[in-house]
Amino acid sequence: MFADRNLINRRNVTSDVSSSYRPNRDFFRIVFQSRVIGAAMSVLGFENNSSIPSKYTLPENMTTLSKGRKLQVLHELSAKVVDNFVFNSNMVEQVSSVVSEQEKRNVLERQALTPDGRFPCRFPGCKSSFKQNGQARRNHEMSHNPPVQVENEPLMVSPTKPSAPSNHDELKSKDDVFDYNCALLTDGYMFFNFLDAIKEGDGARIIRQYKYFMLYCKADGTHSTKYALECLYQLFLVYSILTPRDSERFVWNRSVNNHGKKGCNIPLDESTEHSNNFVKQCIRNLGPNISETAVSRLCKAESSTRLMLEKLDETLQRFSKSGSHSETSENKDLHELIKKVAAFKPFSELEGRKYAHFLDFKRDRLEDLDVSDLYHWINKHKRNVVMGIRAR
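Since this is a predicted model, take the numbers as computed values, not measurements.

S.K.: Would you take a moment to explain the pattern of salt bridges for this structure?
M.R.: Once their charged atoms are close, side chains differing in charge can pair, the charge on each being opposite to the other. Under the counting rule described, the total for this entry stands at 22 salt bridges. With a shortest N-O distance of 3.5 Å, R137 and E141 are connected by a salt bridge. Here E141 and R137 lie together in helix α5 (residues 135-142), a separation of four residues that amounts to about one turn. Both residues of the pair, R137 and E141, count as buried. Across the salt bridge formed by R318 and D313, the nearest N and O atoms sit 3.5 Å from each other. The exposure class assigned to D313 is partly exposed, which follows from its relative accessible area of 22%. Linked by salt bridges that have partners in common, R10, R22, R25, D26, R29, E330 and D333 make up one network.

Structure (structure tokens):
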């Protein structure tokens, strides 16, 4: 991405994202768009962004189709890109391991336990018990005469963190360029899906995104512990702690639309910043008469004052400029990035293609996620919630 920054001369893009969020977001958006078009070029088989696909037959009379049918075709084409470059077999196996791990734990929980919650020896008349359903229990049962024969013994719960490839040839055949750009696509889809959910005021989709963010932050280890906890405790609030009424409010009262237009919602904290800016202007007008009582009166009268000013401007036909930022055309920059992608072919997997600074780049961020540790971590904080212990 640094090479892309230099190619289109985005000098306002810096490594300090907190101080230049908007330039970095806009830059990432145009890079993401170029990669989406490049992935579509690879999957559907067209040379540039205006040619006809050679690997996919478009419906006849495409221009005369209804909007619903055009949208269906677009979804079909988009699914091909996602299936080829966003979802891979490792990710599917990871999801399957999550399901199978939970099933194993459910089987263990359904087994007959002693009154103190221990696993009893299954030999008739033996009073031994064990804290875990592990190898010690099996060795003890095998020491009896005759040994205990258990049918449909549940598999042992073990960490499901994928092991690193041990085959040198497998490491050598990895394509870092392909993996890097697939990871860029995956992260881009997640990030802009989150922003779109906010704009649409889709609270349920925002909560679903937080589930994914929790896994990402947990896989990142100690660098994102607080973020993972924040995501987890939000889910606790939605699904267990809050009443159904408060949970509904918590999910859907996360953004506000001040203009009544579709897709124009903004986060509540951003709306609060706008409110603070308005109140600060009023406070400055107080001059030397500023006091706690006067500031409190201004805050309480904010909404009515805003409405009065808007009506007055409308009556006087005074139209103020919108507070939205102006945007220049990005078509030229996008065209340059698409030409680079078409020439470099990042979505054609080539054996042994390497990055000097991203050697053996991991395509899936959840590759290092230890599912067994994830379960222990979630259950630990469940117990903390029950006991009233807050995470720090």
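So much for the structure itself; the text now carries on.
S.K.: Looking at this structure, I do not really get the environment of F278. What am I missing?
M.R.: As for its placement among the helices and strands, F278 is situated in helix α11 (residues 268-286). C-alpha separation for the pair F278 and R306, spaced 28 residues apart in sequence, amounts to 8.7 Å. Among residues more than four places away in sequence, those in contact with F278 are E302, T305, R306 and L309.

S.K.: How do you make sense of the nonpolar core when you look at a structure like this?
M.R.: Across soluble globular proteins, you tend to see nonpolar side chains buried next to one another. Formed by 56 residues in total, the largest nonpolar core has its most connected members in I30, L44, F85, L185, F194, M214 and W377. Only α2 (21-44), α3 (67-85), α7 (176-200), α8 (203-219), α9 (225-241), α14 (331-344) and α15 (371-387) provide two or more residues apiece to this core. With residues near it in sequence (within four places) discarded, L44 still touches P53, S54, K55, Y56, L77 and K80.

Calculation rules
- Residues numbered from 1 in each chain as written.
- Predicted model: local features only at pLDDT ≥ 70, side-chain atom pairs only at ≥ 80, totals over all residues.
- Heavy atoms only, no water.
- Salt bridge = Lys/Arg side-chain N within 4 Å of Asp/Glu carboxyl O.
- Helix = DSSP H or I, 4+ residues; strand = E, 2+ residues; numbered from the N terminus.
- Buried < 20%, exposed > 50% of the residue type's maximum accessible area, 1.4 Å probe, protein only.
- Contact = heavy atoms within 4.5 Å.
- Core = buried A, V, L, I, M, F, W, Y, C linked by side-chain atoms within 4.5 Å.

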